[in-house]
Amino acid sequence: MKLRPLADRVIVKRVEQETKTASGIVIPDNAAEKPDQGEVLSVGPGKRSERGDIVAMNVKKGDRVLFGKYSGQTVKVDGDELLVMREEDLFAVVEK
């Protein structure tokens, strides 16, 4: 199944964080926090302005983004857990 987001929504897959601290302590899965970074898999066309024009999105497929721990709606697609969220729920794009 393939998802195509509508309006100003984006599909994000969480990027797994390290399960080991810098000092070598292993963090068990049940104690680890949800990662707050992800990779954009798909982007909608954009939001309509008051005049009816489509406002282009600021993120694109492949961008690594920051978002809140409880942002978006979780959906399962082909065994993968993905997030559907509005562009305004994203905090920043991580530059490499």
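Check the entry above for the structure.
Scoring rules and cut-offs
- Residues numbered from 1 in each chain as written.
- Predicted model: local features only at pLDDT ≥ 70, side-chain atom pairs only at ≥ 80, totals over all residues.
- Heavy atoms only, no water.
- Pairing = 2+ DSSP bridges.
- Helix = DSSP H or I, 4+ residues; strand = E, 2+ residues; numbered from the N terminus.
- Axes fitted to C-alpha atoms, helices over the stretch in contact; angles between N-to-C directions.
- Buried < 20%, exposed > 50% of the residue type's maximum accessible area, 1.4 Å probe, protein only.
- Contact = heavy atoms within 4.5 Å.
- Salt bridge = Lys/Arg side-chain N within 4 Å of Asp/Glu carboxyl O.
- Core = buried A, V, L, I, M, F, W, Y, C linked by side-chain atoms within 4.5 Å.

Q: Describe the sheet that holds strand β5 (residues 64-67), naming the residues involved and giving the relevant values.
A: In spatial order, the strands read β6-β7-β1-β2-β5-β8; together these 6 strands make up an open sheet with antiparallel pairing. Strand pairing shows two members of the sheet lacking a second neighbour, β6 (73-77) and β8 (90-93), which therefore form its edges. Within the sheet, the average angular offset between the axes of one strand and its neighbour, ignoring direction, is 45°. Pairing of strand β1 (residues 9-14) with strand β7 (residues 80-86), which is carried by 5 bridges, proceeds in the antiparallel orientation. The partner of Val12 across the bridge, within β7, is Leu83.

Q: Describe the environment of Ala92, listing the residues and the values that go with them.
A: With respect to the helices and strands, the residue Ala92 is situated in strand β8. Residue Ala92 is classed as partly exposed on the basis of its relative accessible area of 33%. Remark: the alpha-carbon pair of Ala92 and Asp63, spanning 29 residues in sequence, is separated by 9.9 Å. Excluding anything up to four places from it in sequence, Ala92 contacts Arg64, Val65 and Leu66.

Q: Now, about the pattern of salt bridges: what can you tell me, with residues and values included?
A: For the structure shown, the criterion picks out 5 salt bridges. For Arg86, the salt bridge goes to Asp8, with nearest N and O atoms at 2.6 Å. Residue Arg86 is found in strand β7, and its partner Asp8 is found in the segment before β1; the two are separated by 78 residues along the sequence. Among the residues examined, Arg86 registers a relative accessible area of 31% and is labelled partly exposed. On the basis of relative accessibility, which here comes to 4%, the residue Asp8 falls in the buried class. For the salt bridge of Asp80 with Lys13, the shortest nitrogen-to-oxygen distance reads 3.8 Å.

Q: Run through the nonpolar core, naming residues and quoting values.
A: Nonpolar side chains in soluble globular proteins tend to end up buried together. In terms of nonpolar packing, the biggest core is built from 10 residues, these being Val10, Val12, Val40, Met57, Val59, Val65, Phe67, Leu83, Met85 and Leu90. Of all the secondary-structure elements, those providing two or more residues to this core are β1, β5 and β7. Aside from chain neighbours lying at most four places away, what touches Met57 is Ala7, Asp8, Arg9, Val10, Val43, Gly44, Pro45, Gly46 and Glu87.

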